[in-house]
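Close look at the chain arrangement
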Amino acid sequence: MSDLDLLAERTPVESWAYSGAMALTGTADGPPQLVAGEPGHAVLSALRRLAGTATAMGLDTTALPDERLLGERAAVMGLARRGRISAGGASRLLEAADGTVALTLSRPDDLTSVPALVGGEAGDDPWQSVTDWCRSRTATEVVERARLLGLAAGAVDHTLPQRQPEQPEPAAHPPARAAAPLVVDLSSLWAGPLCAHLLGLLGARVIDVESTRRPDPSRDFAPEFHRLLRNGAQRCTLDFAEADGRSRLRDLLLHADIVIEASRPRALAQLGIDADAITSASGGTWVSITAYGREHNRIGYGDDVAAAAGLLGGGPVFAGDAIADPLTGCHAAAAALDAWSCGRSGVVEVSMYDVVRSTRTELANAVVVRDGDGWAVDDGDRLIPVAPPAARQASRWC
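Since the structure is predicted, the reported quantities are computational estimates derived from the model, not experimental observations. (Residues numbered from 1 in each chain as written. Predicted model: local features only at pLDDT ≥ 70, side-chain atom pairs only at ≥ 80, totals over all residues. Heavy atoms only, no water.)

**Concerning the overall build of the chain**
Secondary structure assignment for the chain yields 18 helices and 14 strands. Taking 2.2 N^0.38 as the reference for a compact globule, 398 residues should give roughly 21 Å; the C-alpha atoms of the chain span a radius of gyration of 21 Å, in line with that estimate. A burial count over the chain gives 51% of its 398 residues as buried. Here the analysis covers contacts within the chain between residues at least 6 apart in sequence; of these, 74% occur between residues at least 24 apart. (Helix = DSSP H or I, 4+ residues; strand = E, 2+ residues; numbered from the N terminus. Rg over C-alpha atoms; globule rule 2.2 N^0.38 Å. Buried < 20%, exposed > 50% of the residue type's maximum accessible area, 1.4 Å probe, protein only. Contact = heavy atoms within 4.5 Å.)

**Side note on the nonpolar core**
Grouped burial of nonpolar side chains is what soluble globular proteins tend to show. Core analysis: the biggest nonpolar cluster contains 70 residues, and Leu50, Leu198, Leu199, Ile260 and Val377 have the highest contact counts within it. Beyond its immediate sequence surroundings of up to four residues, Leu199 is in contact with Leu50, Val183, Ala204, Ile258, Ile260, Ala333 and Leu337. By size, the runner-up hydrophobic cluster in this structure holds 19 residues, among which are Val101, Ala122, Val130 and Ala139. (Core = buried A, V, L, I, M, F, W, Y, C linked by side-chain atoms within 4.5 Å.)

**Some points on the sheet that holds strand 2 (residues 99–104)**
In space, the 3 strands of this open sheet follow the order 1-2-3, with antiparallel pairing throughout. Each having just a single partner strand, strand 1 (91–96) and strand 3 (152–155) make up the two edges of the open sheet. On average, adjacent strands in this sheet sit at an angle of 25 degrees to one another, irrespective of strand direction. By the bridge criterion, 6 bridges tie strand 1 to strand 2 in an arrangement that is antiparallel. From the neighbouring strand, Ala96 faces strand 2, where its bridge partner is Gly99. Its contacts with the sheet put helix 7 (residues 126–135) on strand 1 and strand 2, and the angle it makes with strand 1 is roughly 30 degrees. Where helix 8 (residues 139–148) meets the sheet, its contacts fall on strand 1, strand 2 and strand 3, and the angle it forms with strand 3 comes to roughly 160 degrees. (Pairing = 2+ DSSP bridges. Axes fitted to C-alpha atoms, helices over the stretch in contact; angles between N-to-C directions.)

**A look at the packing of helix 9 (residues 191–201) against helix 11 (residues 223–230)**
Direction vectors running N to C along helix 9 and helix 11 enclose 40 degrees, while the axes themselves pass 8 Å from each other. Judged by the angle between their axes, helix 9 and helix 11 are oblique. Of helix 11, the residues touching helix 9 (which contributes Pro193, Leu194 and His197) are Leu228, Leu229 and Arg230. Tallied by class, the residues present in the contact of helix 9 with helix 11 amount to 4 nonpolar, 1 polar and 1 charged. (Parallel < 35°, antiparallel > 145°, perpendicular 65-115°, else oblique. Nonpolar A, V, L, I, M, F, W, Y, C, P; charged D, E, K, R; others polar.)

**As for the pattern of salt bridges**
Throughout the structure, instances matching the rule amount to 18 salt bridges. In this structure, Arg73 engages Asp321 in a salt bridge whose closest nitrogen and oxygen atoms are separated by 2.7 Å. Pair noted here: Arg73 is in helix 4 (residues 72–77) and Asp321 is in the loop between strand 10 (317–318) and helix 16 (324–341), with a separation of 248 residues, a long-range link. (Salt bridge = Lys/Arg side-chain N within 4 Å of Asp/Glu carboxyl O.)

**Description of the sheet that holds strand 12 (residues 367–371)**
Strand order in the open sheet formed by 3 strands is 12-13-14, with antiparallel pairing between adjacent strands. This sheet does not close on itself; its edge strands, each paired only once, are strand 12 and strand 14 (383–385). Looking at each pair of strands side by side, their axes are set apart by 40 degrees on average, direction ignored. Relative to strand 14, strand 13 (residues 374–378) runs antiparallel, the two being bridged by 3 bridges. Within the sheet, the bridge partner assigned to Val377 lies in strand 14 and is Ile384.

Fair warning: the whole summary comes from geometry, so function is off the table for now.
The following block contains the structure:
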């Protein structure tokens, strides 16, 4: 039995405590918290599906990681829990007149948009201006105005999704394709690159395509984590503003077995790229990762999308570090390889919000207690240690 199979036997509470993300959930001066969801277990489920498809294709799965993916970026960057401020610092939970809103201001342009958001001067502290403005607006009003300005915001939905009956596992089928795919990755930050990274660990050839004018921002603010996800990938930089760059991009996409992108459809349309036309011509699989779905013209990041989907600690406080990103990356990798292995071409849509909502459950009946110098979850039968975030070494895994 592989390590991945053994880890899949963990309970949802064990997976959350072991993932490193629980240690990132809560206030700085308080204990780590449980959440109303099963994100650690969901990561393992997605990785198990990915491993099952890869095994049927004859691919080596021994390098696949486990639920500690949820805490890897924090481990590399030295992040810690900060309550209503995200571990990375760019997102905050703000009180509106009728609820809670998660807002992210991660780009320089986001901060310059604050006066337009609040309808006045931002003052010395833009976040204080936004906090004060939100209190007199409904959550819907805040989110809609943010959307119009191209800002990432979501109203927190505390309701639990209606549970669907458990479906039987699909019958095993021989893969239509047995070779590792050629993957062209147009995405940046975490979810898309993680999807490509996991496929690369299975033997896929990964080409990381970056715009010369808009490179992946994680290259600057999280360089070690960027190297972890991109190690082993072939880098290709293109100027999409030039005809030659767009032509080379189209050629790459037509030769790809799997394309990964995380752009709003109109962004690719401006480059003359149509996913349906590309996959019809190539027979490949196109993975489209969006915050809320391709039909919605909304941006979102891992923290604000997870909060909007209701995956939070009590208070509320942020859960983990940009947790919607690794959840989505694992789910997207499993969906991509399944589609490719079966010979299904076309667009595979992956909504970060929907992925997170699918992990929501009632809060576990357990308490967090001191355990020596650390913390543990007491589930009534035993103490489960809360592990700190941990990261793999790129040279070992890629």
